[in-house]
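Chain and residue survey
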Amino acid sequence: LTGNSFDRLMSSLEPFGKYRIAASIAQGGMAELVLALHEAGPGFRKVLALKRILPGYEGARDFVDMFLEEARLIARLDHPNIVRVHEYGEFGSQHYLAMEYLPGEDVAKILRLCRKQQKQIPADIVVAIIQGVAAGLHYAHDLVDADGNPMNLVHRDVNPSNVIVTYQGAVKLLDFGIAKAEGSANFTRTGVVKGKLAYLAPDQFIGLPQDRRADVFCLGIVMWELLTGERLFHGATDAAIIASVVQCAIPDVRSLVPGINDSLADICHQALSRDVSMRFQTAAEFEEALEAYNLEGNTRASHRRVGQWLESLCGSERAKAKLDVAMGTNLSRALPLVMTMLEQKKARGTPASGAAIRPNGRSNFTPVSNSNGEIQAVATPFRPGASAKIPLSALDSRFTSAPSRKLSLALAVVVLAGLA
């Protein structure tokens, strides 16, 4: 990389403190993720992803506080299966997080490409992805505070858009923006549902405690979709999606994937048990079950195998450009290619982080953006005459019999009331 070509490239990029902004990776309502270069000295350069608050929202105290809490939380997370944060900072009045740039694709894109190309994801690739996420989740779930007390952290947004598979074969869990640590300020008010509706556990809608087992269920959804290539929970309206999740009718993987290994199918369905006591109780148990499946003599996917498979799906040119950018090599050629890819994604209108919750005109939800600009579903006060659009029989006794859950059930009905 010669000085002239690289200098011209750098001078064309937007300055942001000690960084240069190359392109927007994703943008939400109040924050954006951008590709940035940091050159600390001759020959020392690093490509990073910056998450920064959008201009105009710097004065929103509640949002800034949530952003700061996210920064404090993820700065403590140091695990190979969780995206690493290098720095928290402020330039002008804009707060930002500097994170590692991941040369890969999110699982939502992988699923879209497989559907488009009519390809089934090999079982060993699925197992490698789910094992990686499970390992990262268990680490986060077991996090303790400075005094050694369990933080009881729950991610609450495990979905295909928040899992990256790199061309080096690594699997990374992203976005702890709406994660909840016990006792934190980022609490969930009664009647507030955070995350993407189609990737939540039924217990998150009916008021059961949101512990690590909710994340296990959500990871089970991702596994089911990777194995089958189809969406698990869906519907034409928010109410229909919620009803689908709460009723939790899980089609047997065997009926959609002929010849699938019975042990693998059983593992997936155990993670998706509607009864929380029947699920894997920890993400580590989920990971260990998959490891036992591997030890039965099934093929284990190495990092190299995962990376090569991803490259075969997405193309060598795309893979090489992203890898060059991550390593800071051949930037005068590779960076413009990656910038072009991001511009094309933006022009196609691809959602920044997958399918966000979109309230319809008759919804009983009030839209509130989270740190990614995704919309949270916030229940508004019950309107006289409104009625639930799913039968109460869908909420069976194991969820609703305890007196302490009566208020939670009532709130679930309120959330559903008047939606369809």
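Summarised in this report is the structure supplied together with it. What you see is a predicted model, and the numbers here were worked out from it, not measured in a lab.

**Points about the overall build of the chain**
Helix and strand counts for the chain stand at 15 helices and twelve strands. The buried share of the chain, taken over its 420 residues, is 55%. Restricting the contact set of the chain to residue pairs at least 6 apart, pairs at least 24 apart contribute 66%. Within the structure as shown, the chain displays about 18,100 Å² of accessible surface, and the carbon and sulfur contribution to it stands at 52%.

**A look at the packing of aromatic side chains**
Taken as a whole and assessed by the stated rule, the structure comprises five aromatic pairs. Taken together, a centroid distance of 5.6 Å and an interplanar angle of 75 degrees make the contact between Phe16 and Tyr96 edge-to-face. Note that Phe16 is positioned in strand β1 (residues 14–16) and Tyr96 in strand β6 (residues 94–100), a separation of 80 residues in sequence. Accessibility classification places Phe16 together with Tyr96 in one group, the buried group. With centroids separated by 5.1 Å and ring planes inclined at 15 degrees, the aromatic side chains of Phe280 and Phe286 adopt a geometry described as stacked. Each member of the pair, Phe280 as well as Phe286, carries the same accessibility label: buried. Among the aromatic side chains, those forming a connected cluster through ring pairs are Phe16, Tyr19, Phe91 and Tyr96. Just above the ring of Phe16 sits the side chain of Arg52; from NZ or CZ to the centre is 4.8 Å.

**A word on unusual backbone geometry**
Note: most peptide bonds trans; most residues except glycine with negative phi. The residue Asn152 is not glycine, and still its phi comes out positive at about 50 degrees. For Asn152, a relative accessible area of 36% gives the class partly exposed. Positive phi values are uncommon outside glycine, yet Asn330 reaches one of about 55 degrees. Note that Asn330 resides in the loop between α12 (316–327) and α13 (331–348).

**Some details on the sheet that holds strand β7 (residues 104–106)**
Strands sit in the order β7-β8-β9 across an open sheet of three strands; the sheet is antiparallel. For this open sheet the edge positions go to β7 and β9 (171–173), each flanked by a neighbour on one side alone. The mean angle between the axes of side-by-side strands here comes to 25 degrees, regardless of whether they run parallel or antiparallel. For β7 and strand β8 (residues 163–166), the ladder comprises three bridges, and the chain directions are antiparallel. When the sheet's bridge partners are listed, Glu105 is paired in β8 with Val165. On top of the sheet, helix α3 (residues 107–117) reaches β7 and β8; it is set at about 85 degrees to β7, its chief contact.

**Regarding the pairing of β6**
Along a regular strand, successive side chains alternate from one face of the sheet to the other. Here β6 lies mainly inside the structure; seven of its seven residues are buried. In this sheet, β6 lies alongside strand β4 (residues 44–53) in antiparallel orientation, the contact comprising five bridges. Across the sheet, Leu50 pairs through a bridge with Ala98, a residue of β6. The sheet contact formed by strand β5 (residues 85–91) and β6 spans six bridges and is antiparallel. Paired with Glu87 across the bridge in β6 is Ala98.

**Some remarks on the pattern of salt bridges**
Applying the stated criterion across every chain yields a total of 21 salt bridges. Measuring nitrogen to oxygen at the nearest pair gives 3.1 Å for the salt bridge that ties Glu100 to Lys172. Separated by 72 residues along the polypeptide, Glu100 in strand β6 and Lys172 in strand β9 bring together distant segments of the chain. On the basis of relative accessible area, Glu100 is assigned to the buried category, the value being 17%. Salt bridges sharing partners connect three or more residues here, namely Asp252, Arg254, Asp262 and Asp266.

**Here we look at the side chain of His141**
One can find His141 in helix α4 (residues 123–141). Looking at His141, its side chain comes within polar contact range of the side chain of Asp215, at 2.8 Å. Setting aside residues up to four positions removed in sequence, His141 forms contacts with Asn152, Leu153, Val154, Arg212, Asp215 and Ala283.

**Details of the environment of Val245**
Secondary-structure assignment places Val245 in helix α7 (residues 238–247). For Val245, the contacting residues outside a window of four places in its chain are Leu197, Leu200, Ala201, Pro202, Phe205 and Phe233.

**Points about the nonpolar core**
Core analysis: the biggest nonpolar cluster contains 88 residues, and Ile121, Ile130, Phe176, Leu219, Met223, Leu226 and Phe286 have the highest contact counts within it. With eleven residues, the single largest contributor to this core is helix α6 (residues 212–228). In contact with Phe286, other than residues within four places in its own chain, are Ile130, Val216, Leu219, Gly220, Met223, Ile267, Ala271 and Phe280.

**Focus on helix α11 (residues 303–314)**
Between its first and last C-alpha atoms α11 spans 17 Å; for twelve residues at 1.5 Å apiece the expected length is 16 Å, and the two agree. Of all the positions in α11, only Val306, Gly307, Trp309, Leu310, Leu313 and Cys314 are classed as buried. The buried residues of α11 all sit within an arc of 160 degrees when viewed along its axis, so they share a single face. Here the buried face of α11 lies against β7, α3, α4, β8 and α12. Gly315 sits one or two positions beyond α11 and adopts a positive phi of about 105 degrees.

**Side note on the pairing of strand β2 (residues 19–27)**
Pairing of β1 with β2, which is carried by three bridges, proceeds in the antiparallel orientation. Within the sheet, the bridge partner assigned to Pro15 lies in β2 and is Arg20. Linking two consecutive strands that pair antiparallel, namely β1 and β2, is a turn of two residues; a positive phi of about 60 degrees is found at Gly17 within it.

**A few points about the environment of Arg115**
Along the chain, Arg115 turns up in helix α3. Residue classification places Arg115 among the partly exposed residues on the basis of a relative accessible area of 37%. When neighbours within four sequence positions are excluded, Arg115 is seen to be in contact with Gly229, Glu230 and Arg231.

Definitions and limits used
Residues numbered from 1 in each chain as written. Predicted model: local features only at pLDDT ≥ 70, side-chain atom pairs only at ≥ 80, totals over all residues. Heavy atoms only, no water. Helix = DSSP H or I, 4+ residues; strand = E, 2+ residues; numbered from the N terminus. Buried < 20%, exposed > 50% of the residue type's maximum accessible area, 1.4 Å probe, protein only. Contact = heavy atoms within 4.5 Å. Areas by Shrake-Rupley, 256 points an atom, 1.4 Å probe, with all protein chains shown as cover. Phe/Tyr/Trp six-rings, centres within 6.5 Å; stacked < 30°, edge-to-face > 60°. Lys NZ or Arg CZ within 6 Å of the ring centre and 35° of its normal. Pairing = 2+ DSSP bridges. Axes fitted to C-alpha atoms, helices over the stretch in contact; angles between N-to-C directions. Salt bridge = Lys/Arg side-chain N within 4 Å of Asp/Glu carboxyl O. Polar contact = N/O pair within 3.5 Å; in protein donor to acceptor, adjacent residues only side chain to side chain. Core = buried A, V, L, I, M, F, W, Y, C linked by side-chain atoms within 4.5 Å. Expected span 1.5 Å × (residues − 1). Arc of directions from axis to C-beta.

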